[in-house]
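Analysis of the macromolecular model
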Amino acid sequence: MTVKIITIDGPSGSGKGTLAAKLAEYYQYNLLDSGALYRLLGLSLSQKKLIDCLDSSLDQCVSIAISLEIQFIAAKQGIQVYLENENVTQALRTETTGELASKVASIPELRAALVSRQHAFAVEPGLVADGRDMATSIFPEAQAKIYLTASAESRAQRRVNQLQEMGLDVKINDILANIQARDKRDMERTVAPLKPAQDAYIIDSSELSINEVFDLMTAYIDQKLAK
Ligand code: DC
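The text that follows walks through the structure, step by step, so that each part is easy to find. (Residues numbered from 1 in each chain as written. Predicted model: local features only at pLDDT ≥ 70, side-chain atom pairs only at ≥ 80, totals over all residues. Heavy atoms only, no water.)

1. What to know about the packing of helix α2 (residues 34-47) against helix α3 (residues 58-67)
Here α2 crosses α3 at 130°, and the two axes come no closer than 10 Å. Looking at the two axes, α2 sits oblique to α3. As for the relative orientation of α2 and α3, their crossing is right-handed in sense. Counted together, Leu41, Ser44 and Leu45 of α2 and Cys61, Ile64 and Ala65 of α3 form the full contact between these two elements. (Axes fitted to C-alpha atoms, helices over the stretch in contact; angles between N-to-C directions. Helix = DSSP H or I, 4+ residues; strand = E, 2+ residues; numbered from the N terminus. Parallel < 35°, antiparallel > 145°, perpendicular 65-115°, else oblique. Left-handed = near helix turned anticlockwise from the far one by under 90°. Contact = heavy atoms within 4.5 Å.)

Structural data, given as structure tokens:
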């Protein structure tokens, strides 16, 4: 029997992470936050002082990507992420780590090194995979493919709210500029650029609440999974 896979792709701040987690809980499926893998690799390469010499140290960086020691552990306060036994849950979500991840994600060899790790998440009872290229590259066989987008301004405002809730002091203009730069890099890169799959269901969440988006998604997924 093939494992049921739901992919959610889209730009940063579209609400993908929240909705993917809600869907995984609703369907009782496994959850893959593929962005976290790129963030973890960025963090690891930065700690090893390799982030500014990715091209010249590519073989070493690929080996690190393949053997990256990471753990996702469920806890009361949410999933805790460990990199080489160090809890990096907070560090993972910062803008700086997002920038590191985006750099790493633009290198085809590093993307390739993370593919089998992502495939390993596709096990029973099913998978919700959150990312940029889940439907177009990693899981083209997925039964339900969603592309969730929103205007850069509304995504920046949401990100500011999220970071402020974490106690971080941030300015909307800085966040907006980061989002626009990252969108451009993610959409223009030659390998696995951010774009909807041909058969994706596209949702613009700019004017919708989380619950409204969730209802649209489950209606679509239920119909696809019933086939
Ligand atoms: O979703 P996120 O903000 O955690 O992603 C961090 C970076 O990783 C972002 O710049 C895009 C990149 N990424 C990617 O290229 N492919 C994925 N499947 C997931 C994330």
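Further notes follow.
2. A short note on the packing of aromatic side chains
Aromatic ring pairs are reported here in terms of the distance separating the ring centres and the angle at which the planes meet. Throughout the structure, instances matching the rule amount to five aromatic pairs. Centroid distance tyrosine 201 to tyrosine 220: 4.8 Å. Interplanar angle 35°. Geometry classified as tilted. Residue tyrosine 201 is found in strand β8 (residues 201-204), and its partner tyrosine 220 is found in helix α11 (residues 210-225); the two are separated by 19 residues along the sequence. Assessed through its relative accessible area of 10%, tyrosine 220 is described here as buried. A connected cluster of aromatic rings, assembled from ring pairs, spans Tyr26, Tyr27, Tyr29 and Phe214. (Phe/Tyr/Trp six-rings, centres within 6.5 Å; stacked < 30°, edge-to-face > 60°. Buried < 20%, exposed > 50% of the residue type's maximum accessible area, 1.4 Å probe, protein only.)

3. Focus: the pairing of strand β7 (residues 144-149)
With six of six residues buried, β7 lies mostly within the body of the structure. Residues Ala144, Ile146 and Leu148 point to one face of β7 and Lys145, Tyr147 and Thr149 to the other, with burial holding for every one of them. Two strands pair when backbone bridges link them, and strand β1 (residues 5-9) and β7 are joined in this way by four bridges, in the parallel orientation. Bridge pairing in β7 links isoleucine 6 to alanine 144. Here β7 runs beside β8; their pairing, made up of four bridges, is parallel. Following the sheet pairing, isoleucine 146 is matched in β8 by tyrosine 201. (Pairing = 2+ DSSP bridges.)

4. Notes on empty space enclosed by the protein
A complete count under the given rule lists one cavity of 30 Å³ or more for this structure. In this structure, the largest cavity spans a volume of roughly 40 Å³. Taken together, Ser12, Gly13, Glu95, Arg159, Ile175, Ile179 and Arg182 make up the lining of the largest cavity. The greatest single-element share of the lining of the largest cavity, amounting to three residues, is contributed by helix α10 (residues 172-188). Tallied by class, the residues present in the lining of the largest cavity amount to two nonpolar, two polar and three charged. (1 Å grid on protein atoms, 1.4 Å probe; cavity = no way out; pocket = protein on both sides within 12 Å on 5 of 7 lines; lining within 4 Å. Points joined across faces, edges and corners; volume = space filled by probe spheres on them. Nonpolar A, V, L, I, M, F, W, Y, C, P; charged D, E, K, R; others polar.)

5. Some words on the environment of threonine 97
Locating threonine 97 in the fold gives a position in helix α5 (residues 95-105). Given a relative accessible area of 3%, threonine 97 falls into the buried group. It is 21 Å that separates the C-alpha atoms of threonine 97 and glutamine 77, two residues lying 20 residues apart in sequence. With residues near it in sequence (within four places) discarded, threonine 97 still touches Arg39, Leu43, Ala91 and Leu92.

6. Structural notes on the site of the ligand
Lining the immediate surroundings of the ligand are 17 residues, of which Ser34, Arg39, Arg111, Arg132 and Asp133 lie closest. Separating an oxygen atom of the ligand from a side-chain N or O atom of aspartate 186 is a distance of 3.4 Å. Arginine 189 places a polar side-chain atom, nitrogen or oxygen, 2.9 Å from an oxygen atom of the ligand. Bound to the protein, the ligand loses 96% of the 450 Å² it would expose on its own. Of all the secondary structure elements, the ones that give two or more residues to the shell around the ligand are α2, α5 and α10. With four residues, the top contributor of residues to the shell around the ligand is α2. When the residues that make up the shell around the ligand are grouped by side-chain class, the tally is four nonpolar, four polar and nine charged. (Near = heavy atom within 4 Å. Polar contact = N/O pair within 3.5 Å; in protein donor to acceptor, adjacent residues only side chain to side chain. Areas by Shrake-Rupley, 256 points an atom, 1.4 Å probe, with all protein chains shown as cover.)

7. Considering the nonpolar core
If you look at the biggest cluster of nonpolar residues, it comprises 37 residues, and the most contacted ones within it are Leu40, Leu41, Leu45, Leu110 and Phe139. Elements supplying a minimum of two residues to this core: α2, α3, β4 (80-83), α5, α6 (108-113), β6 (127-131) and α8 (134-138). Ranked by residues supplied to this core, first place goes to α2 with seven residues. Here phenylalanine 139 is in contact with Ile5, Thr7, Leu32, Gln118, His119, Ala122, Leu127, Ala129, Met134 and Lys145, once residues within four sequence places are set aside. Core analysis: the second largest hydrophobic core is formed by 19 residues, Ile6, Ala144, Ile203 and Leu225 among them. (Core = buried A, V, L, I, M, F, W, Y, C linked by side-chain atoms within 4.5 Å.)

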